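# Fold and contact review
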Amino acid sequence: MSDTLKKERILLVDRCPRKILEWLKIWLVQYDISIHTAANGIQALVKYNKYAPSLVLICAELPDMSGMTLSSIIKDSQTGKKTIIYLYDLKEIMQNTKADFFFNATTEEKFEDALHAQIVNFYNVRFMQNNHSLEIMRAISKQYEKLPKAYENQYFSVTPVFSAYGDLSGDSYDYWEDEAGNLYGLLFDCTGHDFLSFSQVNSMRTLLKRDMHLYELSVYQSLNEVLETVNSDLFAVDQDPENPVAIVFKLDIEHGIFEYSTAGIPGIIVKKRGEEEGQVMDAASFMLGDLEDAAFETFRINLADVEEITVCSDGLYELTYNKNVVEESKIAKHDDVSAIIMQVKDELSWIAKLNAGTFPGKQSNMLGAWEKISNPQPEL
Amino acid sequence: MEYVAVDGNTAVIAVDNRFDLVKTLKVKKETEYALNQQGCKQIVIDFDKTKFIDSSANKLFKELRKMVGKENIKMTNIHAEPIIRAFKQAKMDVIFGLTL
């Protein structure tokens, strides 16, 4: 195969390609991609045959033929099925139009947003797969193998949610029961969602899980100590570490309480019985890797009257609690989404009620009982 | 570029209204372009016309800080209440040495 055919190429077909050409150059600067332009359909067919681009962007309004006609001609050619075609500036769809993505005529800003989301995702996935196809397939398989399944006991049920942005997720989670039936768990979000993130995810899981097991064995006295140890370990390995965010928690059956500590994750949503919507537990915290001696806090919730606790990464949190922003962005899902949904059964709720008299928490407007059980000041 | 202007060796980021997930992706690309292709060494993020930021923006600010070093990134005109709240929640005020 000649070098001409091996190189990754885009063909942009538009009578005025300047604006989109400028966008593509900025969006794809880190990739080795050649961008060719054609001002009309005939020129496009010549260049398509000459350069064999993997992606063709076609404006519906071309001077010599409809963009829909051009798109269908390419799609029905011998190599057409392997070519991805984006048709844009569509005012109506002609019968038998063939393309992979269709963009209606809209404002320049909205089109730029939609095209940007598609293009960036397309090349992130494509380059990742081209460069590491076997490794990627193994990594994808391994990432699912590590995740625990949904389960329930007489006190609660646990439902996990895991949806990677591409093939690999920067998020992950784990949870397990001890012999007494208490649930220990962790959820975290590393930067990005590619092969590099996969490696970070595995390191983070190891660190968090090790220290959570030490907490389970009472080597550490609090959940914030777990995060502080992990944070310190990140700086021991790298002076300028990445910024993963994480939450660690324990669902304590014996006492009917839920304890948690967060490092940068906003997503603790607590729903009380009889209420339609959950409330977000607001807490300021550093991300892991922000400061070497960062201090974290542990919070405790009495489970009396609590029906559901959702621990989630910002991917889910922002899709639900910033719904209007998401709708404006016109992108249905912008990040990895992961969550652990714990539904508390009446039996555990009763244990919590029985213990409420001895629960040392302060009364709060948000919940029946909520308490910060550690309040260290960060040392700078 | 839409959100990044080059002033000497400084990339000036200014996003109007919402600094959200979509704009974050674009700002990152444009800033990388300014740093790698246009010779910029410093970054100024001007929040004068910004009314809202989300967690993706906060993550971006930390990434940019790592790219140019903490001495070479500055934030200005932070006056919208939702931004101050988001900064405090992620302790960005501590990390960036801001008085909010």
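Residues numbered from 1 in each chain as written. Chains lettered and ligands numbered in written order. Predicted model: local features only at pLDDT ≥ 70, side-chain atom pairs only at ≥ 80, totals over all residues. Heavy atoms only, no water.

### Some thoughts on the nonpolar core
In this structure, Phe61, Met75 and Phe87 of chain B are the most contacted members of the largest nonpolar core, which totals 57 residues. Tallying contributions element by element places helix α6 (residues 195–216) of chain A first for this core, with six residues. In this structure, methionine 75 of chain B is in contact with Ile45, Phe47, Phe61, Phe87, Met92, Phe96 and Leu98 of chain B, ignoring residues within four places of it in sequence. In terms of nonpolar packing, the next biggest core, distinct from the first, is built from 41 residues, Trp27, Val56, Leu70 and Val120 of chain A among them. (Core = buried A, V, L, I, M, F, W, Y, C linked by side-chain atoms within 4.5 Å. Buried < 20%, exposed > 50% of the residue type's maximum accessible area, 1.4 Å probe, protein only. Helix = DSSP H or I, 4+ residues; strand = E, 2+ residues; numbered from the N terminus. Contact = heavy atoms within 4.5 Å.)

### Regarding the sheet that holds strand β7 (residues 156–163) of chain A
Residues and elements named next belong to chain A. One open sheet accounts for six strands, arranged β6-β7-β16-β15-β12-β13; its pairing is antiparallel. Strand pairing shows two members of the sheet lacking a second neighbour, β6 (151–152) and β13 (279–280), which therefore form its edges. Where strand β12 (residues 267–272) lies against β13, two bridges are found, and the strand directions are antiparallel. From the neighbouring strand, isoleucine 269 faces β13, where its bridge partner is valine 280. (Pairing = 2+ DSSP bridges.)

### Here's the deal with the packing of helix α1 (residues 21–37) of chain B against helix α2 (residues 55–68) of chain B
Residues and elements named next belong to chain B. Look at α1 against α2: their axes get within 9 Å of each other, and the N-to-C directions meet at 10°. Judged on the interaxial angle alone, α2 and α1 are roughly parallel. Read as a crossing pair, α1 and α2 show a hand that is right-handed. Counting all contacts with α1, which are made through Leu21, Thr24, Val27, Lys28, Thr31, Glu32 and Leu35, the residues of α2 involved are Ser56, Ala57, Leu60, Glu63, Leu64, Met67 and Val68. Of the residues belonging to the contact of α1 with α2, the class tally is eight nonpolar, three polar and three charged. (Axes fitted to C-alpha atoms, helices over the stretch in contact; angles between N-to-C directions. Parallel < 35°, antiparallel > 145°, perpendicular 65-115°, else oblique. Left-handed = near helix turned anticlockwise from the far one by under 90°. Nonpolar A, V, L, I, M, F, W, Y, C, P; charged D, E, K, R; others polar.)

### Concerning the environment of proline 63 of chain A
All names here are of chain A. Structurally, the position occupied by proline 63 is in the loop between β3 (55–59) and α4 (67–75). Expressed as a C-alpha distance, the spacing of proline 63 and arginine 15, which sit 48 residues apart in the sequence, is 7.2 Å. Once you skip the residues sitting within four places of it in the chain, proline 63 turns out to touch Arg15, Ala39 and Asn40.

### Some words on unusual backbone geometry
Residues and elements named next belong to chain B. In this model, asparagine 77 sits at a positive phi of 55°, which is unusual for a non-glycine residue. Looking at the element boundaries, asparagine 77 is found in the loop between β6 (73–76) and α3 (81–89). Judged by its relative accessible area of 37%, asparagine 77 falls in the partly exposed class. A positive phi is found at lysine 91, a non-glycine position, where the angle reads about 55°. Note that lysine 91 resides in the loop between α3 and α4 (92–95). Residue classification places lysine 91 among the buried residues on the basis of a relative accessible area of 14%.

### Some thoughts on the sheet that holds strand β2 (residues 33–38) of chain A
Residues and elements named next belong to chain A. Read from one edge of the open sheet, five strands run β2-β1-β3-β4-β5, paired in parallel fashion. Since the sheet does not close on itself, it has two edges, and those belong to β2 and β5 (101–104), each with one partner. The average angle at which neighbouring strand axes cross in this sheet is 15°, direction not considered.

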